[in-house]
Amino acid sequence: MQITNDIKYAGVNDHQIDLFEGQYIVPNGMAYNSYVILDEKIAVMDTVDRRFTHEWLDNLAKALGDRKPDYLIVQHMEPDHSANIVQFMNTYPQATVVSSVRAFTMMKNFFGTDFEDRRIIVGEGDTLSLGKHTLTFVTAPMVHWPEVIVTYDSTDKVLFSADGFGKFGALDVKEDWACEARRYYFGIVGKYGAQVQALLKKASALDIQTICPLHGPVLTENLGYYLNLYNTWSSYGVESEGIMIAYTSVYGGTKKAVELLAEKLKSNGCPKVVVNDLAREDMAECVEDAFRYGKIVLATTTYNADIFPFMKEFINHLTERGFKNKTVGLIENGSWAPLAAKTMKSMLEGCKNITYTDTTVKIMSALNEDSKSQVDALAKELTKEYVAQNGETANKNDLSALFNIGYGLYVVTCKDGEKDNGLIVNAVSQVTNAPNRIAVCINKQNYSHHIIKQTGIMNVNCLSVEAPFSVFEAFGFKSGRSVNKFADIEPLHSDNGLAFLPKYINSFMSLKVEQYIDLDTHGMFICSITESRVISNKETMTYTYYQNNVKPKPKTEGKKGYVCKVCGYVYEGDELPDDFICPLCKHGAADFEPIK
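Numbering of residues starts from 1 in each chain and follows the order in which that chain's sequence is written. Only residues with pLDDT of 70 or above have their local features reported here, since the model is predicted, and side-chain atom pairs are shown and tallied only from 80 upward, although totals for entire chains, interfaces and linings are computed over all residues. Remark: hydrogens and water are excluded; side-chain values derive from all non-hydrogen atoms of the structure.

J.: Could you give an account of the side chain of Glu531, with specific residues and numbers?
T.: Note that Glu531 resides in strand S30 (residues 522-534). A distance of 3.1 Å separates the side chain of Glu531 from the backbone nitrogen of Asp495, its partner in a polar contact. One polar contact links Glu531 to Arg533, side chain to side chain, over a distance of 2.6 Å. In this analysis, two residues are considered to be in contact whenever any of their non-hydrogen atoms come within 4.5 Å of each other. In contact with Glu531, other than residues within four places in its own chain, are Lys396, Ser494, Asp495, Phe508, Met509 and Ser510. Labels follow the DSSP assignment, with helices taken as runs of H or I lasting at least four residues and strands as runs of E lasting at least two, numbered in each case from the N terminus. In the analysis that follows, any N or O atom pair within 3.5 Å is treated as a polar contact, provided that within protein one partner can donate a hydrogen and the other can accept it, and provided that, for residues neighboring in sequence, both atoms belong to side chains.

Dropping the structure here:
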């Protein structure tokens, strides 16, 4: 396989393997990837599993032709990638091993030698010139071993990503990338989300056009798709809307409750209901689903004053991988002393940002009218937002939406006739209640101010504390005149035809402008309410919460000047001009403070 004019593929496919790492079912095998960079000097990127020594060396010989390699770059020391280091060095005795200091320590452990007389130790930012190709090394500790480095070729703009962006499956089998990459990520890398986030931050500064992982296909198109998925997975966000139910059942009573719940969830508009019998499904698939969806129901029996073994194993898998940021519902069954709900909660105690439903379903051996009503109540709790999002089932006169107005942060949406638009505002308030009137202040420089003056309508989306910084980047730091604010968001639409956010809000209100007040730099729109929906019970995002928990801390170390309190932009200089406008969030000098 030719990756670029100078980079060739030299890896192998493994269809002999049944369990990867002794535990993950791989019906379509595995790929162990190795690459050759041909230049004035030649670098080979990693080796392969020990069972494919000769096949790999044959592939190298074909890629090299009549030339010899100068370097073997070892990015990761797991044996499926490093097993043939010694064989390579014996075959090409003139070559030099390039790797991290920790990797050489591991080589000593694995092979009895660390190639002291034939090695180059590299670390963060170190470079290696091959001629026209310059390789830059980026440390990636605990992604997912401590010695890992990744390598960037600035000439062909290729990132050799070690185990990052890998997947199960051999390269000669076509299958959906995301499914097996997700199972691979959460099974193998999932615990190290913070470390993956750190690596993604480094990668964002590079111009990457091709990703060459150590497992799975070379990625050359729509790289934003793969990067966004990795960002979601490593930040423990919600990838897909829906609800996952994981259950065990001994005599069928718990299973019947799960089937009833699934039916009610679907009828209440849940876009996807995934039901997994933990005793029969691939455990790695179940773990993958638990991290994929934002809501999960755990249903099991009390067993030996504990919980059923498959559920216990499942929860252990979740906690070992840093399970967090989920809504959890519980169903317990017990013939005389049900303890399952208490036990499951106790096992999840160390997980961060877990919200439990108000309803816990308790079954005494078999469903009865009381437990059926609990199942119904649980279904209603879990689907409240889906009911509210659906124009056919929503309560469009739920004026309790007004209770979510405070000194918070909101996305105001509008439409310029062609595309949906939106911006972040922090000045929304209820000014009267008979009739209900809402005041919204918007800076005149914002494109949305111009649109709303023309159309006379808007939607106010009340952001919840779940909203990540990416929401503020999308709606707060760019102009809707020049960019599509909804490029990465598939909006829903209210009765007035305007967009509302499909997630990260607890309510929204559709407003009609009744009066406009000119406030010099800003305009105040006094509005009546034409529609109001409560989407969830999540707490409203306040300005203080945003500052303390969402906004990234600005990099001010060693700098002198002023920092924007809204977005973190740093202005370097002795004096901040009185008329200075932040180039990111468009706030004025009053929202800057001196760097301390």
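Picking up where we left off.
J.: Help me get a handle on the sheet that holds strand S1 (residues 7-9), residues and values and all.
T.: Here, strands pair whenever DSSP counts at least two bridges between them. The mixed open sheet is built from six strands, whose spatial order is S1-S6-S7-S8-S9-S10. Strands at the two margins of the open sheet, each flanked by one partner only, are S1 and strand S10 (119-121). On average, each strand axis in the sheet is inclined to that of its neighbour by 20 degrees, with strand direction left out of account. Taken together, the three bridges between strand S6 (residues 35-37) and strand S7 (residues 43-45) define a ladder with antiparallel strand orientation. Bridge pairing links Tyr35 to Met45 in S7. Contacting S1, S6 and S7, helix H1 (residues 53-64) runs over the sheet at an angle of about 25 degrees to S6. Inter-axis angles, ranging from 0 to 180 degrees, are taken between N-to-C directions of lines fitted to C-alpha atoms, where helices are fitted over the stretch in contact. On the sheet, helix H4 (residues 101-111) packs against strand S9 (96-99) and S10 and is oriented at approximately 120 degrees with respect to S9.

J.: Hey, could you go over the nonpolar core for me, with residue numbers and the actual values?
T.: To qualify as a nonpolar core, a set must consist of buried Ala, Val, Leu, Ile, Met, Phe, Trp, Tyr and Cys residues joined through side-chain atoms within 4.5 Å. Relative accessible area decides the class of each residue, using a 1.4 Å probe on protein chains only: under 20% of the type maximum gives buried, over 50% gives exposed, and in between gives partly exposed. Ranked by size, the top nonpolar core spans 92 residues in total, and within it Phe20, Leu60, Leu298, Phe314 and Phe323 carry the most contacts. With eight residues, helix H5 (residues 177-189) is the single largest residue contributor to this core. Core analysis: the second largest hydrophobic core is formed by 31 residues, Val411, Cys564, Val566 and Cys567 among them.

J.: Describe the packing of H5 against helix H9 (residues 283-292), with residues and values.
T.: In the contact formed by H5 and H9, the axes pass within 9 Å of each other and the chain directions differ by 95 degrees. As far as their axial angle goes, H9 and H5 are roughly perpendicular. Facing H5, whose interface residues are Cys179, Glu180, Arg182, Arg183 and Phe186, H9 presents Ala284, Glu285, Glu288, Phe291 and Arg292. Note that Gly is not counted as nonpolar here; it falls among the polar residues with everything else outside the nonpolar set of Ala, Val, Leu, Ile, Met, Phe, Trp, Tyr, Cys and Pro and the charged set of Asp, Glu, Lys and Arg. Its residues assigned to classes, the contact of H5 with H9 comprises four nonpolar, no polar and six charged. Note on terminology: angles under 35 degrees are roughly parallel, angles over 145 are roughly antiparallel, angles of 65 to 115 are roughly perpendicular, and the others are oblique.

J.: Give a description of the pairing of S30 that names residues and reports values.
T.: Note that strand S25 (residues 436-443) and S30 share six bridges and pair antiparallel. Bridging from a neighbouring strand, Ile438 pairs with Cys527 of S30. Bridge analysis of strand S29 (residues 505-519) against S30 gives twelve bridges, and the strand direction is antiparallel. Looking across to S30, one finds that Lys512 is bridged to Ser528. The hairpin turn running from S29 into S30, its antiparallel successor, is two residues long, and Asp520 in that turn takes a positive phi close to 70 degrees.

J.: Any chance you could break down unusual backbone geometry for me, citing the residues and the numbers?
T.: Of note, the amide linkage connecting Val143 to His144 takes the cis form, showing an omega dihedral of 5 degrees. With an omega of 0 degrees, the peptide bond between Ala434 and Pro435 qualifies as cis. If you trace the backbone, Pro435 turns up in the loop between strand S24 (428-433) and S25. Phi is positive for Tyr236, close to 55 degrees, though the residue is something other than glycine. If you trace the backbone, Tyr236 turns up in the loop between helix H7 (223-234) and strand S16 (240-247). Exposure remark for Tyr236: the relative accessible area of 7% places this residue in the buried category.

J.: Quick one: what's the story with the pairing of strand S12 (residues 134-139), residue by residue and with numbers?
T.: Sheet analysis places strand S11 (residues 127-129) next to S12, joined by three bridges and oriented antiparallel. Across the sheet, Ser129 pairs through a bridge with Thr134, a residue of S12. Taken together, S11 and the strand that follows it, S12, pair antiparallel across an intervening segment of four residues, in which Gly131 is found at a positive phi of about 135 degrees. Pairing between S12 and strand S13 (residues 149-153): five bridges, direction antiparallel.

J.: Give a description of the sheet that holds strand S15 (residues 210-212) that names residues and reports values.
T.: Neighbouring strands of a sheet are bound in pairs by backbone hydrogen bonds; such pairs are parallel or else antiparallel. Spatially, five strands are ordered S11-S12-S13-S14-S15 in an open sheet, and the strand pairing comes out mixed. Two strands in the sheet have a free side with no partner beyond their single neighbour: S11 and S15. Strand-to-strand twist in this sheet, taken as the mean axis angle between neighbours without regard to direction, amounts to 20 degrees. In this structure, strand S14 (residues 158-160) lies alongside S15, joined through three bridges in parallel fashion. Pairing of Val158 across the sheet is with Thr210, part of S15.

J.: A description of the state of the cysteines should follow, citing residues and the corresponding values.
T.: Cysteine sulfur pairs qualify as disulfides if the two atoms are within 2.5 Å. Per the counting criterion, the structure on display carries zero disulfides. For Cys527, which is in no disulfide, the shortest distance to another cysteine sulfur is to Cys441 and amounts to 10 Å. For Cys527, a relative accessible area of 0% translates into the label buried.

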